[in-house]
Amino acid sequence: MTTVVLLELAVLLLVAGAVVSLALARSLRAAGWTAVAAVGASGLLVWIVVVRTLSSGPDPEATLASIPSIGAALTVHVDALSAVFLATVATIAFLCTLFSVEYMTRFTADGVAKYYPVLQLLIAGIVGVVATSDFFFFLVFWEVMTLTSFFLVIYEGGSPVCQKAGLKYFVVNQGAALAMLAAGLILWRVSGSFHFGALRDALGQLLETRPAVAHLALLLLFLGFATKAGILPMGSWLPDAYPAAPGGAAAFFGGAMTKLGVYGLLRAFLVFLPLSGATVVWGWVIAAAGLGSLFVGTLMALKQDDVKRLMSFHAIGQMGYMFLAIGFGMVLLATDPFLAALGLLGGIFHVLNNALYKSGLFLTAAAVEYRTGERSLAALPGGLGAYMAVTAGCAVVASLAIAGVPPLNGFSSKWLIYATGILGAKESTLLPVATLAAMFISLVTLASFLKYLGGTFLGVPRKNDPPREVSVSMQLPQIVLALACLAFGLFPAVPLGFVHQAVASLPSASGVPALGALLGDGSGLGVARAGVEMAIWAPLPVAAVLVLLGLFCYRGIQRAGDAPIREVQVWTCGEEVRPEEYRYPPGSFYRPFKEAFSGIYPKAAWRPPPFPVPLRRILDPDAWLYLPLVRGVERAARGVSRTHVGVPQVYLLWMVVGVVAVVAILLLAGS
């Protein structure tokens with residue numbers, strides 16, 4: 001089967017899964033497992049496309065439909081860049097859907113009916129975004145993605161917080177989509193076509209004849225994709241929207257959907273934009289936006305008490321690393337393709353790594369919320385690691401990975417970014433300065449997640465009504481993601497081989513050196529030019545040393561002393577104090593540091609007017625469309641079920657009626 005047929009089947013499976021899970025909404029787990037089966041089967045088809053594309057090259061572009069009057073056509077083309085993002089989306093979607101089976105039992109049947117069908121349509125929309133090579137249909141699928149994710153943001157529509165978050169998400173992202181549409185129309189006026197190749201030719205022509213218009217189109221594209229990625233200040237919607245969604249959906253947002261902003265950025269500035277002086281200019285803009293976002297987003301995460309809000313600000317910070325690396329690559333692309341390739345490799349590799357540990361972190365937070373009903377670090381009892389050991393272990397791995405602690409995957413991609421910035425000092429001193437700021441923010445990230453781990457899993461476990469570990473279907477996605485963080489960290493050369501194919505598939509970066517010339521042929525990473533080794537990272541030897549040192553400390557020092565271990569209560573100077581009174585609250589972590597940066601994220605003095613009731617009703621299709629449709633399907637199903645009376649004679653009668661109906665239809669058709 002061709003790529004087109006496989007992707008069509010994948011999308012049809014998702015749509016069919018949405019319909020069936022809607023019909024089974026009254027049975028919460030049945031609806032969930034139906035969604036898991038549909039997402040898993042479609043993901044398997046997508047992975048077949050990915051493997052074929054990366055191993056044998058992309059299939060020829062295929063056109064499914066066209067609108068000749070406006071020069072638009074539904075063309076399907078999966079290159080190496082599309083394949084990398086499709087693999088990410090398919091994997092994270094399956095794991096988040098599997099996690100949701102048990103998590104969604106917290107909600108009612110109406111809630112499940114609003115969740116699984118919308119989630120599957122969201123996945124189908126993302127597949128369309130990544131697989132098409134026509135900008136008109138790219139925007140059509142982009143709107144499918146935006147609208148379905150909007151319904152997940154307002155999932156708990158009765159909550160004023162969710163309503164406010166949903167309105168902000170809808171308005172900001174629709175504004176971003178309009179900016180992208182305006183950019184597409186500017187280029188369409190020149191080319192008469194929405195095909196990606198035609199837009200590249202049009203942008204090159206505009207740069208020569210009307211550079212101001214060309215830069216306006218690039219600005220609009222940058223605003224659109226940076227908004228979806230959560231880059232500040234356009235991404236201020238993200239910390240409100242992600243916590244409002246259910247746990248599995250929030251993990252999918254953070255692990256996969258936000259990355260579509262990076263995908264669009266790469267398409268706009270390394271496919272549409274020919275390699276020119278404009279590439280350098282916009283490289284600096286993208287790098288500056290990334291640096292600002294990673295700095296402000298991570299510092300704001302340090303201040304948060306709500307766990308999901310903390311994760312959301314870190315999503316902004318981590319997207320900043322990706323934009324910084326891609327900006328580095330664009331700045332260096334014309335003058336030093338070697339270092340430019342390192343930057344682009346680091347940026348796209350960080351997309352993959354972030355998808356693993358960010359979705360894993362959201363899932364651990366959702367597991368804690370599922371068992372305790374709390375998201376506030378101040379309200380959580382602490383000591384949950386004694387009862388939720390698997391969740392705690394996965395949270396530790398993902399937290400160390402996002403902070404860039406070796407030998408986990410976050411360090412490998414950050415190592416490439418740092419190497420690009422430091423070695424690029426000869427091109428501009430701004431590159432190493434920005435790199436030092438990014439290194440500092442890695443330490444802030446570690447501090448923030450020590451606060452998360454300390455307030456949630458560490459401390460004295462409570463004795464009364466302790467929580468249980470979550471079910472296997474909720475543990476398994478966390479374990480898979482944690483193991484992937486470790487595997488990508490120990491063997492970074494394997495995923496980097498596919499990432500290099502993605503970079504080389506970009507027209508403006510097609511001249512980058514081969515992977516072996518960039519990083520060597522070993523299992524580790526080594527940067528050498530003209531036979532001179534400039535940087536090296538060997539994860540396996542480092543991991544072996546860390547394990548040996550750990551064993552030596554445990555067996556050679558602690559156990560050799562044969563000191564008895566005794567458990568005693570914390571000494572409170574003779575006073576009788578309850579444990580919750582002497583527990584160090586998470587809000588007090590790094591208080592002087594947080595106060596020093598208190599004004600880094602100013603809040604607007606203007607407050608939006610109350611949400612208009614008529615507009616609220618219009619934007620609430622649950623009341624006037626979705627739930628009536630669900631109830632209609634249920635009534636039809638109950639009507640059909642009445643025919644199952646268990647009497648053979650009745651079934652024979654139905655067969656006779658069916659035969660008569662078929663004969664009548666054939667006679668009418670023949671006449």
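Up top is the structure these notes are about.
Each value, and the rule that gives it
- Residues numbered from 1 in each chain as written.
- Predicted model: local features only at pLDDT ≥ 70, side-chain atom pairs only at ≥ 80, totals over all residues.
- Heavy atoms only, no water.
- Helix = DSSP H or I, 4+ residues; strand = E, 2+ residues; numbered from the N terminus.
- Contact = heavy atoms within 4.5 Å.
- Lys, Arg positive; Asp, Glu negative; His and termini not counted.
- Charge placed at Lys NZ, Arg CZ, Asp CG, Glu CD.
- Core = buried A, V, L, I, M, F, W, Y, C linked by side-chain atoms within 4.5 Å.
- Buried < 20%, exposed > 50% of the residue type's maximum accessible area, 1.4 Å probe, protein only.
- Axes fitted to C-alpha atoms, helices over the stretch in contact; angles between N-to-C directions.
- Parallel < 35°, antiparallel > 145°, perpendicular 65-115°, else oblique.
- Left-handed = near helix turned anticlockwise from the far one by under 90°.
- Nonpolar A, V, L, I, M, F, W, Y, C, P; charged D, E, K, R; others polar.
- Pairing = 2+ DSSP bridges.
- Polar contact = N/O pair within 3.5 Å; in protein donor to acceptor, adjacent residues only side chain to side chain.
- Expected span 1.5 Å × (residues − 1).
- Salt bridge = Lys/Arg side-chain N within 4 Å of Asp/Glu carboxyl O.
- Phe/Tyr/Trp six-rings, centres within 6.5 Å; stacked < 30°, edge-to-face > 60°.
- Lys NZ or Arg CZ within 6 Å of the ring centre and 35° of its normal.
- Patch = residues over 30% accessible without salt bridge, like charges linked within 9 Å, V, L, I, M, F, W, Y side chains within 5 Å.
- Areas by Shrake-Rupley, 256 points an atom, 1.4 Å probe, with all protein chains shown as cover.
- Disulfide = S-S within 2.5 Å.

*Asks:* Mind showing me how you'd approach the overall build of the protein here?
*Replies:* Secondary structure assignment for the protein yields 26 helices and four strands. Across its three principal directions, the C-alpha atoms of the protein cover 95 × 75 × 55 Å. Pairs at least 24 residues apart make up 78% of the contacts formed inside the protein by residues separated by at least 6 positions. If you average the places of the 41 positive and of the 32 negative side-chain charges in the protein, the two averages end up 5 Å apart.

*Asks:* So what exactly am I meant to see when it comes to unusual backbone geometry here?
*Replies:* Comment: phi is negative for the bulk of residues other than glycine, and the bulk of peptide bonds are trans. The step from Leu-232 to Pro-233 runs through a cis peptide bond, and the omega angle for that step is 0°. Residue position: Pro-233 is located in the loop between helix H8 (211-229) and helix H9 (238-244). Cis geometry marks the peptide bond from Pro-406 to Pro-407; its omega dihedral reads 5°. Of note, Pro-407 is situated in the loop between helix H15 (389-402) and helix H16 (409-423).

*Asks:* I'm lost on the nonpolar core in this one. Help?
*Replies:* Across soluble globular proteins, nonpolar side chains show a tendency to be buried alongside one another. Phe-135, Phe-138, Phe-222, Phe-252, Phe-269 and Tyr-452 are the most contacted members of the largest nonpolar core, which has 204 residues in total. The element contributing the most residues to this core is helix H14 (residues 337-372), with 22 residues. Not counting residues up to four positions away in its chain, the partners in contact with Phe-269 are Leu-218, Phe-222, Trp-282, Ile-286 and Met-330.

*Asks:* Any chance you could explain the environment of Leu-95 here in plain terms?
*Replies:* Assignment of secondary structure puts Leu-95 in helix H3 (residues 80-103). It is 13 Å that separates the C-alpha atoms of Leu-95 and Leu-361, two residues lying 266 residues apart in sequence.

*Asks:* Would you mind showing me how to read the packing of H15 against helix H17 (residues 430-456) here?
*Replies:* The angle between the axes and the distance between the axes are what describe a pair of packed helices. Running from amino to carboxyl end, H15 crosses H17 at an angle of 165°, the nearest separation of the two axes being 9 Å. Between H15 and H17, the angle falls in the class roughly antiparallel. H17 is crossed by H15, and the crossing has right-handed handedness. Across from Ala-395, Val-396, Ser-399, Leu-400 and Ile-402 in H15, the residues of H17 making contact are Thr-445, Leu-446, Phe-449, Tyr-452 and Leu-453. Its residues assigned to classes, the contact of H15 with H17 comprises eight nonpolar, two polar and no charged.

*Asks:* Help me out: how do you make sense of the pairing of strand S2 (residues 72-76) in this one?
*Replies:* Along a regular strand, successive side chains alternate from one face of the sheet to the other. In terms of burial, S2 is largely enclosed, as five of its five residues are buried. Going residue by residue along S2, you find Ala-72, Leu-74 and Val-76 tucked away on one face and Ala-73 and Thr-75 tucked away on the opposite face as well. Relative to S2, strand S1 (residues 62-67) is paired through five bridges, and the arrangement is antiparallel. Within S2, the position partnered with Ala-62 by the bridge is Val-76.

*Asks:* Where do I start with the environment of Thr-75 in this structure?
*Replies:* In this structure, Thr-75 sits in strand S2. A C-alpha to C-alpha distance of 36 Å links Thr-75 and Thr-420, two positions 345 residues apart in sequence. In terms of polar contacts, Thr-75 uses its side chain to reach the side chain of Ser-133, at 2.8 Å.

*Asks:* In this structure, what is going on with the environment of Phe-295? I would like to understand it.
*Replies:* Note on placement: Phe-295 falls in helix H12 (residues 277-303). Judged by its relative accessible area of 25%, Phe-295 is partly exposed. In this structure, the C-alpha to C-alpha distance between Phe-295 and Phe-597, residues 302 residues apart in sequence, is 11 Å. The contact partners of Phe-295, leaving out residues within four places of it in the chain, are Phe-440, Ile-441, Phe-597 and Ile-600.

*Asks:* Help me out: how do you make sense of H3 in this one?
*Replies:* Owing to its 3.6 residues per turn, the α-helix aligns residues three or four sequence positions apart on the same side. Counted at 1.5 Å a residue, the expected span for H3 with its 24 residues is 34 Å, and the 35 Å between its end C-alpha atoms agrees. The buried count for H3 comes to 22 of 24 residues, which makes it a mostly enclosed element. You can read the cap of H3 off the contacts: a side-chain oxygen lies 3.3 Å from the backbone nitrogen of Leu-81, and it is on Asp-79.

*Asks:* What is the right way to look at the side chain of Thr-298 in this model?
*Replies:* Checked against the element boundaries, Thr-298 lands in helix H12. Among the residues examined, Thr-298 registers a relative accessible area of 0% and is labelled buried. Excluding anything up to four places from it in sequence, Thr-298 contacts Ser-293, Phe-313, His-314, Gly-317, Ile-441, Val-444 and Thr-445.

*Asks:* Could you clarify how one ought to interpret helix H2 (residues 28-56) in this entry?
*Replies:* For H2, which comprises 29 residues, the first-to-last C-alpha distance of 42 Å matches the rise-based estimate of 42 Å (1.5 Å per residue) to within 8%. With its phi angle positive at about 95°, Gly-57 sits one or two positions after the end of H2.

*Asks:* Is there a simple way to explain the pattern of salt bridges in this structure?
*Replies:* Once the charged atoms of two side chains with opposite charge are near each other, the side chains can pair. Taken as a whole, this structure holds eight salt bridges when the rule is applied. Two residues, Asp-240 and Arg-309, come together in a salt bridge whose shortest N-O distance is 3.0 Å. Of the two residues, Asp-240 is situated in helix H9 and Arg-309 in helix H13 (residues 307-332); the sequence distance between them amounts to 69 residues. Residue classification places Arg-309 among the partly exposed positions, given a relative accessible area of 26%. For the salt bridge of Arg-529 with Asp-336, the shortest nitrogen-to-oxygen distance reads 3.0 Å.

*Asks:* Explanation requested: the packing of aromatic side chains in the structure shown.
*Replies:* Centre-to-centre distance and the angle between the planes together describe a pair of aromatic rings. Applying the stated criterion across every chain, the model contains 30 aromatic pairs. Between Tyr-103 and Tyr-370 the ring centres are 6.1 Å apart and the planes differ by 35°, which places this aromatic pair in the tilted class. On the criterion of sequence distance, the pair formed by Tyr-103 in helix H3 and Tyr-370 in helix H14 is long-range, its members being 267 residues apart. When its relative accessible area of 18% is taken as the criterion, Tyr-370 is described as buried. Aromatic side chains Phe-135 and Phe-272 sit 5.9 Å apart centroid to centroid with 80° between the ring planes, which places their arrangement in the edge-to-face category. Placement of Phe-135 in helix H5 (residues 135-153) and of Phe-272 in helix H11 (residues 260-272) is noted, with a sequence separation of 137 residues between them. The burial state of Phe-135 is the same as that of Phe-272; both residues are buried. In this structure, Lys-114 is placed above the aromatic ring of Tyr-155, and the distance from its NZ or CZ to the ring centre is 5.2 Å. The ring of Tyr-321 has Lys-414 sitting right over it, with the charged end atom 4.6 Å from the ring centre.

*Asks:* I would appreciate a short explanation of a nonpolar patch on the surface in the present structure.
*Replies:* Judged by side-chain polarity, Val-15, Val-19, Val-20, Leu-24 and Leu-121 come together as a nonpolar surface patch covering roughly 360 Å² of accessible area. Residue contributions to the nonpolar patch peak at three residues, all from helix H1 (residues 3-23). The class of Val-15 is partly exposed, set by a relative accessible area of 37%.

*Asks:* I keep staring at the state of the cysteines and nothing clicks. Help me out?
*Replies:* Two cysteines joined by a covalent bond between their sulfur atoms form a disulfide. Within this structure, the stated rule accounts for zero disulfides. Free of any disulfide, Cys-162 has its nearest neighbouring cysteine sulfur in Cys-96, separated by 19 Å. A residue is classified by how much of its surface remains accessible, and Cys-162, at 6% relative accessible area, is buried.

*Asks:* I tried to follow the packing of H5 against H8 on my own but got confused; where do I start?
*Replies:* Closest axis-to-axis distance for the H5/H8 pair is 13 Å, and the angle between their directions is 30°. Between H5 and H8, the angle is such that the two are roughly parallel. Crossing of H5 over H8 shows left-handed handedness. For the pair H5 and H8, the contacting residues are Phe-135, Phe-138, Trp-142, Met-145 and Thr-146 in the first and Leu-221, Phe-225 and Lys-228 in the second.

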